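Descriptive analysis of the structure
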Amino acid sequence: MVYLVQSKKSMEANGGVDPAFKGISKTSTAFLIWKVQNLQLMPVPKEQYGTFYDGDSYIIYAASEYGKHGNPNTKPREVKGNLEMHIHFWLGNNSSQEESAIAAFKSMELDNYLGGKPVQHREVRGNESSRFKAYFKNGIRILLGGFDSGLKVVNNNFEPRLFRVKGRRRPLVTQMPAVAWEYFSSGDAFIIDTKDVVFVWIGRTSNSMEKLQAAKVATQFRDERNALSIVFVDDGKEMELPSPEQTLLGFYLDLRPLAKRVMPEVNGVDEHVEQETRSQLKFYRCSDDDGIYKVTEVKTGSLSQSDLDPKDSYIIDNGPYHIWVWIGRNASSKERVEAMRNANGFLKKKNYPISCRVSRVVDGGEPAEFRVLFPSWEVREPVPSPKAASPKSQPIAVQNLSSLESNTSLAAKEQILDNGSGNLKVWRVSKMNLIEVEKNSILFASEIYYLLYTYPYNGSNKEILYYWLGSASKENAQTQLTLSQEDPIAKANVKARILQCNQPPHFLVAFKGKLVIMDGEHKETLPKTYLLQIKGNQIFNTYGQQKPLERISLNLNHVYLLKTETECYLWCGKSSTGDEREMAKGLSQTLVKEFSVLFEGQEKKDFWKYLPGNETYSNGLRPAIVSLKAPAVRLFCYSKLKGGLKVEEIMDFAQSDLAQEDIFILDAFHTLMIWTGKYANREEKNKAFEIALEFLKTDPSRREPNIPIIYVKQGYEPPTFTGFFNEWDPQMWMKEQKFEEVREEIDKQKPLLQVDLIVADTVPNFYECEKYPLNVLLERDPEKLPAGIDVQHKELYLSSEEFFDVFSMKYSEYSAIPKWKQDCLKKTVGLF
């Protein structure tokens, strides 16, 4: 196409890159936005960041320290390590094909200039990615038309506009096509922005957070133009407004009782639930090994990091939700260049909606939202050779547990509440009753237990209730009923669902390194003979697990307690460490009075007679130390819609994102935390664990549903939760204004309105306007109209005679009817 050829010439004339990109440092942080104007890139002024025109296309470049998020306040700063770079090209729904193509082309040009390292994102208006929305903390404003038309609105007569406000903390403010009931909905808040008054219309089923955001946005509109007043209008109570406000609102909307029948009961945005599609992943290999570029389906379902071969590129199909393209570091140049083009072709072939997001990532620079598609993402670290191995080769994660109170980020990272100085109570579930267990350090695999741990924190006692399921237990409705029946359990503000062999560190700390898990159902006395495998080198990772009395049960990397009727042995594998042996001794002393310590290779015949079998037990070296780091800690807002679960991710999250009316999921990958706001739906609060299990079921990474699930009430957050937030203020919600308080404040400041002064002079004078024939004024393209015509009021340029012929009334009669009626008449004759 001609415009691409011109862009290429321009690029060659400027040293291979567009002049707009010349000032970008490849080693510095940055946040920049350009829009496509007249087929060229023009920088967007900083004060316009967050405002986008639906008729335009944009490019956004964000560079930050690896793992951190950029934003409009990012200042250029040299970074010594790796930069995390993201390029987004945003396409308005009414952006021209030429502008959209240039935005995509220029994004590739910027990517090439930066060495092919950035992550590329294709964003479409109305379906922006969580990362894109996270850039704009104060929300996003989407206006109709293009940037140029926005300037005309400011410079000429102001035309009233209707905006829908969505979003709890970061509002999405979208201009609607016209001020008309057909664009309202009872589930949202709307703003009618007129020249002198800003109306805030509150849908009867809208949530309090969106009401609050609408009030804040209305305040911004008022202050931007020094409007006289903000007027709140409740859905269905328009006729109860004071007479001047009712008259003014009626100038823009038909307030007759039957007029709102065209208003839908739900908002105009498609809120379909995507959990089934979102949970399905298809994996395609892209290769040109035989000289022909081919896309071949490889697998469906759960992915593995090992599926990604560095010599190829791949497409990960997450349905109409998202398409990912991964480029291996050894992929051919054609595979690199063709990646995004083929992904867009893939969209068409799959018949996915235009709103489907497309992202391209490169090998070694995968962002968090890509890594979490995999059940695990390994970051391999250098491993010492076996000869150099020593008791110190297994590092201790936390040296000083007493520092956890003052270091919540450490508590969250290690998932440890305290140093084990708290008190533990244990109950066993027996039919419909709870029976307190005296030997509270011994659990049985066929049982279900409730455990209440009380620990000191910041000068007071805190509690966490554990619901522990043995691997051979059977969970049913009866076991859950005890939650509401038993007082100490029903009142717990922090609850955790734990499955055997997936005990988190804070659970093991409660046992002070003495937890023992035996096979079978509960018994008051332990078997006379048993074998116990003991793992761990600190109180937060040590527990004993019963194993079959067979030689093959042993492993040279661990310590075992063999209890017989006459002897007790503590067998230490040759690769076990000193810390592991010391923890095993402490645990064993809670079970037996005396035992003999045996090191591997020093066993007597009496030892082996209790462990029959000819199989050779595991004698391999200790596995290489591989750090399985959580790909990311993510925050999701949860909502239940007809048909299933809807979750919306909040990237670059803060405590202020936690709305009191909602339920949130904090996904630390190896632990799931459900936070319930004070005013959240009671029924959904009671189904917290079901929500978590449903979330795991629909998660694309297909993790096993046996990870720890923690339920947290607002105001009772443990340090293992708050430590994931950069700052935490326990008083934040007490300081926060509610919608009713903000509304009351604004109403107190509201002056008395004089409608006759407000509505005057909002349009050109009919009798002073130059006159044109109707056929001239019917032209749709504003650029082809005679200069000086107000395109919003073309009827004013008709002669008096022709005006009467067109509208069957005089202009004096026309000007006296409400604006909504004027608009209907103009639509009928083609002048709207």
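Residues numbered from 1 in each chain as written. Predicted model: local features only at pLDDT ≥ 70, side-chain atom pairs only at ≥ 80, totals over all residues. Heavy atoms only, no water.

Let's talk about the overall build of the protein
The following threshold applies: Secondary structure counts use DSSP, requiring at least four H or I residues in a row for a helix and at least two E residues in a row for a strand, with both numbered from the N terminus. Only protein chains enter the accessibility calculation, which uses a 1.4 Å probe; a residue is then buried when its area is under 20% of its type maximum, exposed when over 50%, and partly exposed in between. In this description, contact between two residues means that some pair of their heavy atoms is separated by no more than 4.5 Å. What sets the accessible areas is the Shrake-Rupley method with a 1.4 Å probe; for residues, cover comes only from the shown protein chains.
Per the secondary structure count, the protein includes 25 helices and 36 strands. In the protein, which comprises 832 residues, the share counted as buried stands at 51%. Nonlocal contacts in the protein, meaning residues at least 24 apart in sequence, comprise 67% of its contacts between residues at least 6 apart. In the form shown here, the protein has an accessible surface area of approximately 39,800 Å², with 49% of it arising from carbon and sulfur atoms.

Thoughts on the packing of aromatic side chains
Stated formally: The rule is short: rings of Phe, Tyr and Trp, with Trp giving its six-membered ring, pair when the centres are within 6.5 Å, and they are stacked under 30 degrees, edge-to-face over 60, tilted in between.
Applying the stated rule across the entire model yields 53 aromatic pairs. Ring geometry for F283 against Y314: centres 4.9 Å apart, planes inclined by 10 degrees, an arrangement best described as stacked. Placement of the pair is F283 in strand 13 (residues 282-287) and Y314 in strand 15 (residues 313-317), with a sequence separation of 31 residues. Here F283 matches Y314 in class, with each residue buried.

Focus on the sheet that holds strand 29 (residues 568-572)
The line we're drawing: At least two DSSP bridges between two strands are needed for those strands to be called paired. All axes here are fitted lines through C-alpha atoms, helices being fitted over the stretch that makes contact, and every angle between N-to-C directions spans 0 to 180 degrees.
Reading across the sheet, the 7 strands line up as 21-25-27-26-28-29-30 and stay open at both edges, with mixed pairing between neighbours. Two strands in the sheet have a free side with no partner beyond their single neighbour: strand 21 (442-444) and strand 30 (596-599). Strand-to-strand twist across the sheet, computed as the mean angle between neighbouring axes with direction ignored, equals 25 degrees. The pairing of strand 29 with strand 30 spans 4 bridges and is classified as parallel. Paired with Y569 across the two strands is S596, which belongs to strand 30.

A word on the pairing of strand 12 (residues 229-234)
When you tally the buried positions in strand 12, you get 5 out of 6 residues, the bulk of the element. With 6 bridges connecting them, strand 11 (residues 197-202) and strand 12 associate as parallel partners. Bridge pairing in strand 12 places V200 opposite F232.

A look at the packing of helix 5 (residues 208-225) against helix 20 (residues 739-749)
Rule in force here: Throughout this description, any angle smaller than 35 degrees is read as roughly parallel, any larger than 145 degrees as roughly antiparallel, any in the 65 to 115 degree range as roughly perpendicular, and the remainder as oblique. Helix crossings fall into two classes, left-handed where the near helix is turned counterclockwise from the far one by less than a right angle and right-handed where it is turned clockwise. Ten residues, namely Ala, Val, Leu, Ile, Met, Phe, Trp, Tyr, Cys and Pro, are considered nonpolar, four, namely Asp, Glu, Lys and Arg, are considered charged, and the remaining ones, Gly among them, are considered polar.
Running from amino to carboxyl end, helix 5 crosses helix 20 at an angle of 30 degrees, the nearest separation of the two axes being 9 Å. Accordingly, the angle class assigned to the pair helix 5 and helix 20 is roughly parallel. Our pair here, helix 5 against helix 20, has a crossing hand that is left-handed. Where helix 5 approaches helix 20, its residues S208, K211, L212, A215, T219 and R222 are matched on the opposing element by F739, V742, I746 and Q749. Taken together, the residues that form the contact of helix 5 with helix 20 break down as 5 nonpolar, 3 polar and 2 charged.

Some points on the nonpolar core
We apply this condition: Nine residue types can take part in a nonpolar core, namely buried Ala, Val, Leu, Ile, Met, Phe, Trp, Tyr and Cys, and a core is a set of them joined through side-chain atoms within 4.5 Å.
One finds I60, F136, L443, L451, Y466 and F507 to be the most contacted residues of the largest nonpolar core, which totals 94 residues. Considering each element in turn, this core owes the most residues, 7 residues, to helix 5. Within the second largest apolar cluster, 37 residues are counted, among which are V36, A339, F346 and V362.

Topic: the sheet that holds strand 6 (residues 119-124)
What holds strands together in a sheet is hydrogen bonding between their backbones, with the strands either parallel or antiparallel. Strand order in the open sheet made by the 10 strands is 2-1-4-5-6-17-16-15-13-14, with mixed pairing throughout. The open sheet has two edge strands, strand 2 (40-43) and strand 14 (294-300), and neither has a second partner. On average, each strand axis in the sheet is inclined to that of its neighbour by 20 degrees, with strand direction left out of account.

Describing the pattern of salt bridges
Spelled out, the test is: The salt bridge criterion pairs a side-chain nitrogen of Lys or Arg with a carboxyl oxygen of Asp or Glu, the two atoms within 4 Å.
Summed over the entire model, instances satisfying the criterion amount to 34 salt bridges. Between R125 and D54 there is a salt bridge, with its nearest N and O atoms 3.8 Å apart. Within this pair, whereas R125 is found in the loop between strand 6 and helix 3 (130-134), its partner D54 is found in the loop between strand 3 (51-53) and strand 4 (57-65), the two being separated by 71 residues in sequence. D317 is the partner of K350 in a salt bridge, and the nearest nitrogen-oxygen pair spans 3.8 Å. With a gap of 33 residues between them, K350 in helix 8 (residues 333-350) and D317 in strand 15 connect regions that are remote in the sequence. Accessibility expressed as a relative area gives 27% for K350, which makes it partly exposed. The class of D317 is buried, set by a relative accessible area of 3%. A cluster of three or more residues bridged by salt bridges with shared partners is formed by D234, E245, R743, D747 and K750.

Details of helix 23 (residues 800-807)
Residues spaced three or four apart along an α-helix face the same direction, because each turn holds 3.6 residues. Cut-off, in case you're wondering: Within this analysis, the arc is defined by the directions that extend from the helix axis to the C-beta atoms.
Residues F803, V806 and F807 constitute the buried set of helix 23. The arc that holds the buried residues of helix 23, viewed along the axis, is 75 degrees, so those residues lie on one side. Set apart from the buried face of helix 23 by more than 90 degrees, the exposed residues are E801 and D805. Lining the buried residues of helix 23 we find helix 22 (774-777), helix 24 (811-814) and helix 25 (819-829). Phi for S808, located one or two positions after helix 23, is positive at around 60 degrees.

Looking at the confidence of the model for the protein
Here is the rule we go by: Confidence scores here are pLDDT values: one per residue, from the predictor, ranging 0 to 100.
Overall, the prediction assigns the protein a mean pLDDT of 82, with 85% of residues at 70 or greater. Here residues 380-398 scores under 50 on pLDDT; set against residues more than four positions off or in separate chains, the count is 23 contacts.

Section: unusual backbone geometry
Most peptide bonds are trans, and most residues other than glycine sit at a negative phi. Positive phi values are uncommon outside glycine, yet L39 reaches one of about 65 degrees. Mapped onto the secondary structure, L39 falls in the loop between strand 1 (30-37) and strand 2. Despite not being glycine, K512 has its phi angle at roughly 55 degrees, a positive value. Structurally, K512 can be placed in the loop between helix 13 (505-510) and strand 25 (515-518). Residue class for K512 comes out partly exposed when judged on its relative accessible area of 33%.

Description of the pairing of strand 22 (residues 448-457)
Where burial is concerned, most of strand 22 is hidden: 8 out of the 10 residues are buried. Relative to strand 22, strand 19 (residues 423-430) is paired through 6 bridges, and the arrangement is antiparallel. In the sheet register, W427 faces strand 22, and the bridge partner there is Y450. Taken together, strand 22 and the strand that follows it, strand 23 (residues 460-469), pair antiparallel across an intervening segment of 2 residues, in which N458 is found at a positive phi of about 50 degrees.

Focus: the environment of D823
Among the structural elements, D823 can be located in helix 25. On the basis of relative accessibility, which here comes to 9%, the residue D823 falls in the buried class. Separated by 571 residues in sequence, D823 and Y252 place their C-alpha atoms 9.3 Å apart.

Overview of helix 14 (residues 578-588)
Regarding helix 14, the residues found buried are E580, R581, M583, A584, G586, L587 and S588. At its buried positions, helix 14 is contacted by strand 25, strand 26 (530-535), strand 27 (543-547), strand 28 (559-563), strand 29 and strand 30.

Some remarks on the environment of E594
Take E594: it is sitting in the loop between helix 14 and strand 30. Spatially, the C-alpha atom of E594 lies 6.9 Å from that of C568, the residues being 26 residues apart in sequence.

What to know about the side chain of R371
Note the cut-off: The convention is simple: Lys and Arg are positive, Asp and Glu are negative, and His and the chain ends are not counted. For the purposes of these results, a polar contact is taken to be a pair of N or O atoms within 3.5 Å, where, inside protein, one atom must be able to donate a hydrogen and its partner to accept one; residues adjacent in sequence count only when each atom of the pair is a side-chain atom.
With respect to the secondary-structure elements, R371 resides in helix 9 (residues 368-371). Comment: no salt bridge for buried R371; closest opposite-charge side chain is E84, at 6.0 Å. There is a polar contact of 2.6 Å between the side chain of R371 and the backbone oxygen of E366.

Here we look at the environment of E768
You can see E768 is positioned in the loop between helix 21 (755-758) and helix 22. Using a relative accessible area of 67% as the deciding quantity, one classes E768 as exposed. On a C-alpha basis, the gap between E768 and L796 in space is 9.1 Å, while along the polypeptide they are 28 residues apart.

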